[in-house]
Amino acid sequence: MAFLFRAWMRWSLGAVLVGLLTTLNSAIADHDVVYRLRHEGKILPLSEFISRAQAIHPGELLEAELEQRRGRHVYEIEIAGEDGRFYEIYFDAATGELLNRVGE
C-alpha cells in the first residue's frame, strides 16, 4: 500500500510540474505576441486604454487583457468602480474605438 501511495505522489508531483511549466510557457508566448503586435504598430499601447477606461468609470484597475474577437484584437479592461460596481470596458486595440461597456 505504501508503495502505491509513493508512486501516486510521484505521479501527482510530476503532473503538477508539467502543468506549471505549460502555464509559464503560455504566459511567455502571450507576452511575446503582445510585444510583437505593439512594436509592429498593429495595436495601440495598453496604458492609453487603462487611462480611458478609468476616465469612463473611475476606480481601481482589476485586470487588463488583450483578446482576439471576431478577427480583431480587443482590450478588455476590468474596473472596480468607486461606486461599488464592477465594469468591463472593451476597446478595439488597433483603432482605439470603444466597443462596449458592461456594468454589474
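To be clear, the structure that these remarks concern was listed above.
Bear in mind that the values here come from a model prediction, so they are computed numbers and not experimental data.

### Digging into the side chain of Glu 76
Its location among the elements puts Glu 76 in strand β2 (residues 72–81). Within the buried core, Glu 76 has no salt-bridge partner, and the shortest N-O distance to an opposite charge, that of Arg 69, equals 4.2 Å. What Glu 76 contacts, discounting residues up to four positions off in sequence, is Glu 63, Ala 64, Glu 65, Glu 67, Arg 69, Glu 88, Ile 89 and Tyr 90.

### Focus: the pairing of strand β1 (residues 59–69)
Pairing geometry for β1 and β2, over 10 bridges, is antiparallel. Bridging across to β2, Glu 60 finds its partner in Ala 80. The turn linking β1 back onto β2 is made up of 2 residues, and Arg 70 within it adopts a positive phi angle of 50°.

Conventions adopted
- Residues numbered from 1 in each chain as written.
- Predicted model: local features only at pLDDT ≥ 70, side-chain atom pairs only at ≥ 80, totals over all residues.
- Heavy atoms only, no water.
- Helix = DSSP H or I, 4+ residues; strand = E, 2+ residues; numbered from the N terminus.
- Buried < 20%, exposed > 50% of the residue type's maximum accessible area, 1.4 Å probe, protein only.
- Lys, Arg positive; Asp, Glu negative; His and termini not counted.
- Salt bridge = Lys/Arg side-chain N within 4 Å of Asp/Glu carboxyl O.
- Contact = heavy atoms within 4.5 Å.
- Pairing = 2+ DSSP bridges.

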